[in-house]
Amino acid sequence: MERLSNKTLPTLPTNVPRPTYDRQAITTGVVHLGIGAFHRAHQASYFDAALRSGDRRWGITAASLRSTAVREQMAPQDGLYSLVVRDGSNEQIRVIGAVRDVLVAPEDPARLVSALASADTHIATLTVTEKGYKLDPATGALLIDDADVAADLASLERPRTAPGFLVAALAQRRAAGLQPFTAMSCDNLPHNGSRLRDAVLAIAAHHDPRLRDWIAEHGAFPETMIDRIVPATQPADITALAERLRVEDRAMVKAEPFSQWVIEDRFAGERPDFAGLGAQLTNSVAPWEEAKLRLLNGAHSGIAYLGGLAGVEFVHQFVALDPGRAFVEGLWDEAATTLSPPSGLNIAAYREALMSRFANPSLQHRTRQIAMDGSQKLPQRLLSPIMARLERGLPIERMALAVAAWMRWQSGRDDAGNSFVVDDPLAAITAARLAGALSPEDQVAALLTVDAVFPPRLAADQGFRTILNRHMRALAEHGALATLKGVR
Ligand code: CS2
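Report on the accompanying structure. Keep in mind that what you see is a predicted model, and the values were worked out from it rather than measured. (Residues numbered from 1 in each chain as written. Predicted model: local features only at pLDDT ≥ 70, side-chain atom pairs only at ≥ 80, totals over all residues. Heavy atoms only, no water.)

1. Looking at the pattern of salt bridges
- If you walk through the whole model with that rule in mind, you get 32 salt bridges.
- Across the salt bridge formed by Lys254 and Asp237, the nearest N and O atoms sit 3.0 Å from each other. Taken together, the positions of Lys254 in strand S9 (residues 253-255) and Asp237 in helix H9 (residues 235-245) put the pair 17 residues apart, joining distant regions of the chain.
- Lys254 gets classed as buried once you look at its relative accessible area, which sits at 1%.
- Classification of Asp237 as buried rests on a relative accessible area of 8%.
- The shortest N-O distance in the salt bridge between Glu264 and Arg266 comes to 3.0 Å.
- One network of salt bridges, with partners in common, ties together Arg86, Glu91, Asp237, Arg244 and Lys254. (Salt bridge = Lys/Arg side-chain N within 4 Å of Asp/Glu carboxyl O. Helix = DSSP H or I, 4+ residues; strand = E, 2+ residues; numbered from the N terminus. Buried < 20%, exposed > 50% of the residue type's maximum accessible area, 1.4 Å probe, protein only.)

2. Focus on the environment of Asn360
- As for its placement among the helices and strands, Asn360 is situated in the loop between helix H13 (347-359) and helix H14 (367-371).
- In this structure, the C-alpha to C-alpha distance between Asn360 and Gly88, residues 272 residues apart in sequence, is 6.0 Å.
- In this structure, Asn360 is in contact with Arg86, Asp87, Gly88, Glu256, Pro257 and His316, ignoring residues within four places of it in sequence.
- At 2.8 Å, the side chain of Asn360 forms a polar contact with the side chain of Ser362. (Contact = heavy atoms within 4.5 Å. Polar contact = N/O pair within 3.5 Å; in protein donor to acceptor, adjacent residues only side chain to side chain.)

3. With respect to the side chain of Ser301
- Mapped onto the elements of the fold, Ser301 is located in helix H10 (residues 286-310).
- Judged by its relative accessible area of 0%, Ser301 is buried.
- Residues contacting Ser301, with those up to four places away along its chain left out, are Ile370, Arg381 and Leu382.

4. Brief notes about the sheet that holds strand S7 (residues 182-185)
- With respect to topology, five strands assemble into an open sheet ordered S5-S2-S1-S6-S7, the strand pairing being parallel. Only two strands of the sheet have a single partner each, and these edge strands are strand S5 (99-104) and S7. On average, adjacent strands in this sheet sit at an angle of 20° to one another, irrespective of strand direction. (Pairing = 2+ DSSP bridges. Axes fitted to C-alpha atoms, helices over the stretch in contact; angles between N-to-C directions.)

5. Structural notes on unusual backbone geometry
- A positive phi is found at Asp78, a non-glycine position, where the angle reads about 55°.
- Located in the positive-phi region is Lys134, a residue other than glycine, with phi close to 60°.
- Considering the arrangement of structural elements, one finds Lys134 in the loop between strand S6 (123-126) and helix H5 (147-154).
- When its relative accessible area of 14% is taken as the criterion, Lys134 is described as buried.

6. Examining the nonpolar core
- Core analysis: the biggest nonpolar cluster contains 71 residues, and Val328, Phe358, Phe454 and Phe464 have the highest contact counts within it.
- The residues that make up this core include at least three from each of domain 1 (9-282) and domain 2 (286-486).
- Once residues within four sequence positions are removed from consideration, Phe464 is found in contact with Leu383, Ile386, Leu390, Ile396, Val403, Leu448, Phe454 and Leu458.
- Of all hydrophobic cores here, the second largest spans 40 residues; its members include Ala162, Val167, Ala169 and Leu170. (Core = buried A, V, L, I, M, F, W, Y, C linked by side-chain atoms within 4.5 Å. Domains from an automatic or database assignment.)

7. Thoughts on the environment of Ala63
- As for its position among the elements, Ala63 is in strand S2 (residues 60-64).
- Distance from Ala63 to Ala432, taken between C-alpha atoms, is 34 Å for residues 369 residues apart in sequence.
- Setting aside residues up to four positions removed in sequence, Ala63 forms contacts with His32, Leu33, Gly34, Ile35, Leu103 and Leu112.

This is the structure in structure tokens:
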């Protein structure tokens, strides 16, 4: 079967929306770092909407920082791909044309730097996952011992890290008399804009203090909260879509109908009419981000480890179990007391909507996918709200159960005895700490010493440790499902 491309686009069923603009006539105002499914299903669809509205500045040059996989999916398709939005039995397809070019950074780092340094580029967006910022998850300090960071500190000839690429390009812009671009993190990090700014300024300061000061003065690193559930595409999704489109689309992405983008109103230069495109501009992103990280993502991580241990494959299956749903509601009761919701966010309504989003059966969101990189996710999703509740003497039963499930997950064996690879940048460290720790209590003690995850104050909290010990013992003796049923 032929692939989706400029050539086959006219053969698609007429009811499938496609680019209404001349793709050759657009400029690329956006350079994106880390083109995975999330960028294609979220930010790119907003820039596509800008192009459809007649604002031709917002084509995208996208880069993979590591693998060639996405370029192989997209280049033969002239950058075209379908966004398949699924809700129960309802499915809507739209072909997105915003991505003009896909680069693979390590093949030709200079090409990505020039794209970022181009006068046409106004915004750099990033989805490089939590670990891509090269910051210690617990303290936010730059990981100067990381090999890629060390390389970027030594030379920016061939940058390796996302912040390194931004610094190299900002240096060229400054030399060329251009303004900086707006650098927008779209990852689930707390204060993602400030974290990105910290990483960029730290690398810039190392090379040239005047460059650092120029970026600090003229650059912009807005905070953002981004939300859309985007499960990894499976081969069966591609086959099903090919039956409908009569062409094959290997770059398709699937997502839920819900999509939210809250952006701090802070830009270094041009931007599209974000508000007109459905994003929210605000002066304060933090309360939105905190609510999303602690309710949506906190529950997701709990579901990932408890569900993963119990052999529950998908999120919707977990919340279809009575103890699963009750656990999520109970976790939200705990998390909700730690929030200061922005006006415009009704927590009860948000929770209700969130539960329906989790229950969407057609997304097939794998618990395994969410379980990835837990060391980078736990601090903002679970440990911060746990500390907030401990300070007020409030119980942390369910949030601690989610943390205990993460601890048990680090041993790489589920309740049925199946072993799996722990997919996490700190997996070697957690495995080394766990070596020789046989009892659940010893395992808790061993993992609490991982200070990139657990701040010393929390690790030393006896109450926290006692609850973790109890949960770990229950998980070891009875399994995740029985532990969930027994949670008080
Ligand atoms: C998930 C997120 O994989 C994960 O860690 O919790 O990707 C989640 O689906 C998104 O943040 C939803 O906006």
